[in-house]
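Structural features, examined
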Amino acid sequence: MKFGARIFKTGIAVTLSLYIAMLLNLEPVTFAAVSAVFAVQPSVYRSFQTILDQFQANIIGAIVAIVFTLAFGNEPFVIGLGAILIIAISIKLKMEKTIPLAVVTLILIMESSTDGNFFLFALSRLGIIMIGVLSSFVVNLLFLPPKHETKLFQKIITNTEYVTQWLRLIIRHDAEHIALKDDIQKLREEMIDTNNFYKLYKEERDYFKKNEYTKGRKLVVFRQMITTTEKAIAVLKNLHFHEQSILDLPEEMKELLREQIDYLTQFHDRTLLKYSGKVRHEPSEEFLEEIDKGEKALTEQLIVYSEKKRLNQEDWTELFQTIGLIIGYKDQLKHLDLLIDSLYTYHPEETSQIDK
């Protein structure tokens, strides 16, 4: 069982909200704990956005609760109508994420009796709910924010290593079909997680103005890393789908495909090592020269083969698509290599920072 930072932050936020509610003699203290659970977020930025959204949601819930209770009482069907109205208002204001807490606020306020102290009671309930929201925000501020940059890069490295290993296997026809099919599906899911980490890193706010420009360049590099890995996955899926057709190609053409895939996967690994400071930040001229030669030889061989075999349109399109995806993979890699060189040209102090 693995415990992440968010799990610990939720526990601490719940504990803090309970102690504060007890200190202020607000009852029942469990309401503060419930709202604290709703408000815990994976980043400081999202926590700040959440506290703003939930403050508005609580105000809406409290106003509807007070108006409905004073006007119609607190019978169950009245509470239900109030919940419907809150949901409608939240959807209209595009605040769908805050609907649960707004409805909870409504219920907690309306379940009381309508005596002369109802207005103060409503404010007390609203206050105890906000204690939970504020407790979560304080916990997010006090705890060191998660290193989304490091997690993002590690995720990219893992996915890339996985893809390049499969590419080397399938181009040699050593890949086990069912295992590869399952892993392609897993890679799709991993790329969704990777994009979520990218969003979290993008949302992080630097406290120093001078770091904004550097982060902007890093965001471009990370976006390109993800795009390049997605392109590699597209090549893998294509080779997997057309494995038998590739097996039927002339030996010379299969050898060219193997060499090109080998160069591209090695180049891909090298670009990530370059970003992490484990490879010198110099233009990858030798790799690029070999890759360009391989591309030229591969396209020439495609033309010769198609003319010699007089391929029908379906076979030609299939083979052309495979070569096109490999060329697209190469173009994305070249662009990634260029972006990394540019990053460290203008920000040499960033070298190896990703591993610290």
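This text follows the structure it describes.
What comes next is a walk through the structure.

Parameters at a glance
- As a convention, each chain's residues are numbered from 1 in the sequence order in which they are written.
- Since the coordinates come from a predicted model, pLDDT governs what is reported: local features require at least 70, and pairs of side-chain atoms require 80 or more to be given and counted, while whole-chain, interface and lining totals use all residues.
- To get the side-chain values, take all heavy atoms of the structure and skip hydrogens and water.
- Numbered from the N terminus, helices here are DSSP runs of H or I no shorter than four residues, and strands are runs of E no shorter than two.
- The buried label goes to any residue with under 20% of its type's maximum accessible area, the exposed label to any with over 50%, and the partly exposed label to all in between, with areas taken from a 1.4 Å probe on protein chains only.
- Any two residues whose heavy atoms approach within 4.5 Å are treated as being in contact.
- The Shrake-Rupley method, run with a 1.4 Å probe sphere, supplies the accessible areas, and residue values consider only the shown protein chains as cover.
- Patch definition: residues above 30% relative accessible area lacking any salt bridge, with like charges linked at up to 9 Å and the nonpolar side chains Val, Leu, Ile, Met, Phe, Trp and Tyr linked at up to 5 Å.
- In the sections that follow, a salt bridge refers to a side-chain nitrogen of Lys or Arg positioned within 4 Å of a carboxyl oxygen of Asp or Glu.
- In this tally, Asp and Glu contribute negative charge and Lys and Arg positive charge; neither His nor the terminal groups of the chain are included.
- Here the site of a charge means NZ on Lys, CZ on Arg, CG on Asp, or CD on Glu.
- For every element, the axis is a line fit to its C-alpha atoms; helices are fit only across the contacting stretch, and the angle between N-to-C directions ranges from 0 to 180 degrees.
- Our angle categories are set so that under 35 degrees counts as roughly parallel, over 145 as roughly antiparallel, 65 to 115 as roughly perpendicular, and the remainder as oblique.
- Handedness of a helix crossing follows the sense of rotation of the near helix relative to the far helix, less than a right angle counterclockwise being left-handed and clockwise being right-handed.
- Residues are grouped as follows: nonpolar covers Ala, Val, Leu, Ile, Met, Phe, Trp, Tyr, Cys and Pro; charged covers Asp, Glu, Lys and Arg; every other residue, Gly included, is treated as polar.
- Each helix should span, by expectation, one fewer than its residue count multiplied by 1.5 Å.
- Working definition: rings of Phe, Tyr and Trp (its six-membered ring) pair if their centres are within 6.5 Å, and the pair is stacked with planes under 30 degrees apart, edge-to-face with planes over 60 apart, and tilted otherwise.
- The criterion is that NZ of a Lys, or CZ of an Arg, lies within 6 Å of the ring centre and within 35 degrees of the ring normal, and then a charge sits over that ring.
- Nonpolar core, defined: a set of buried Ala, Val, Leu, Ile, Met, Phe, Trp, Tyr and Cys residues in which side-chain atoms within 4.5 Å join the residues together.

**What to know about the overall build of the protein chain**
Per the secondary structure count, the protein chain includes 13 helices and zero strands. Secondary structure elements of the protein chain, listed N to C terminal, follow the sequence α-α-α-α-α-α-α-α-α-α-α-α-α. Per-residue burial over the protein chain gives 46% buried out of 356 residues. Pairs at least 24 residues apart make up 78% of the contacts formed inside the protein chain by residues separated by at least 6 positions. Accessible area of the protein chain: about 19,500 Å², with a carbon and sulfur share of 60%.

**What about a nonpolar patch on the surface?**
Where nonpolar side chains cluster on the molecular surface, the patch consists of Phe8, Ile12, Leu16, Val138, Leu142 and Phe143 and spans about 530 Å² of accessible area. Of all elements in the fold, only α1 (5–23) and α6 (118–142) reach the threshold of two or more residues within the nonpolar patch. Ranked by the residues each element gives to the nonpolar patch, the list is headed by α1, at three residues. Along the chain, Leu16 falls in helix α1.

**Some words on a negative patch on the surface**
Where like charges cluster on the molecular surface, the negative patch consists of Glu259, Glu285, Glu286 and Glu290. Of all the elements, helix α12 (residues 285–309) adds the most residues to the negative patch, at three residues. Residue Glu286 is classed as exposed on the basis of its relative accessible area, which comes to 68%.

**Comments concerning the environment of Lys334**
With respect to the helices and strands, the residue Lys334 is situated in helix α13 (residues 313–346). As for Lys334 and Leu288, which are separated by 46 residues in sequence, their C-alpha atoms are 7.7 Å apart. The contact partners of Lys334, leaving out residues within four places of it in the chain, are Phe267, Leu288 and Asp292.

**Quick word on the packing of helix α7 (residues 148–170) against helix α8 (residues 177–203)**
Angle between the axes and distance between the axes are the two parameters that describe a pair of packed helices. In the contact formed by α7 and α8, the axes pass within 9 Å of each other and the chain directions differ by 160°. In this view, α7 runs roughly antiparallel relative to α8, as classed from their interaxial angle. Between α7 and α8 lies a crossing of left-handed hand. Of the residues in α8, those touching α7 at His148, Glu149, Lys151, Leu152, Lys155, Ile156, Asn159, Tyr162, Val163, Trp166 and Ile170 are Ala179, Leu180, Asp183, Leu187, Glu190, Met191, Asp193, Thr194, Phe197, Tyr198, Leu200 and Tyr201. Partitioned by chemical class, the residues of the contact of α7 with α8 number 14 nonpolar, three polar and six charged.

**Overview of α8**
For α8, with 27 residues, the first-to-last C-alpha span of 39 Å sits near the 39 Å given by 1.5 Å per residue. For α8, every residue scored as buried is listed here: Leu180, Asp183, Ile184, Leu187, Met191, Thr194, Asn195, Tyr198, Leu200, Tyr201 and Glu203.

**Digging into the packing of aromatic side chains**
According to the stated counting rule, one finds six aromatic pairs in the structure shown. Taking the centre distance of 5.6 Å and the plane angle of 90° together, the rings of Tyr201 and Phe222 count as edge-to-face. One end of the pair, Tyr201, is in helix α8; the other, Phe222, is in helix α9 (residues 210–241), with 21 residues separating them in the sequence. A relative accessible area of 4% places Tyr201 in the buried class. Ring pairing ties together the aromatic residues Phe153, Tyr201, Phe222, Tyr275 and Tyr344, which thus form one cluster. The ring of Tyr201 carries the charged tip of Lys215 above its face, separated from the ring centre by 4.8 Å. Its end group placed over the ring of Tyr198, Arg223 keeps NZ or CZ at 4.9 Å from the ring centre.

**Thoughts on the packing of helix α4 (residues 76–92) against helix α5 (residues 99–110)**
With their axes 10 Å apart at the nearest point, α4 and α5 run at an angle of 150° to one another. Here α4 lies roughly antiparallel to α5, going by the angle between them. The element α4 and its partner α5 pack so that their crossing is right-handed. Contact with α4, carried on its side by Val78, Ile79, Gly82, Ala83, Ile86, Ile87, Ser90 and Ile91, involves Ile99, Ala102, Val103, Leu106, Ile107 and Met110 of α5 and no other residues of that element.

**Considerations on the nonpolar core**
Membership of the largest hydrophobic core comes to 51 residues, with the highest contact counts inside it found for Leu167, Phe222, Met225 and Tyr275. For this core, the secondary structure elements donating two or more residues are α7, α8, α9, α11 (251–275), α12 and α13. It is α13 that contributes the most residues to this core, 11 residues altogether. Leaving out residues up to four positions away in the same chain, Met225 has contacts with Phe153, Ile156, Leu272, Tyr275, Leu336 and Ile340.

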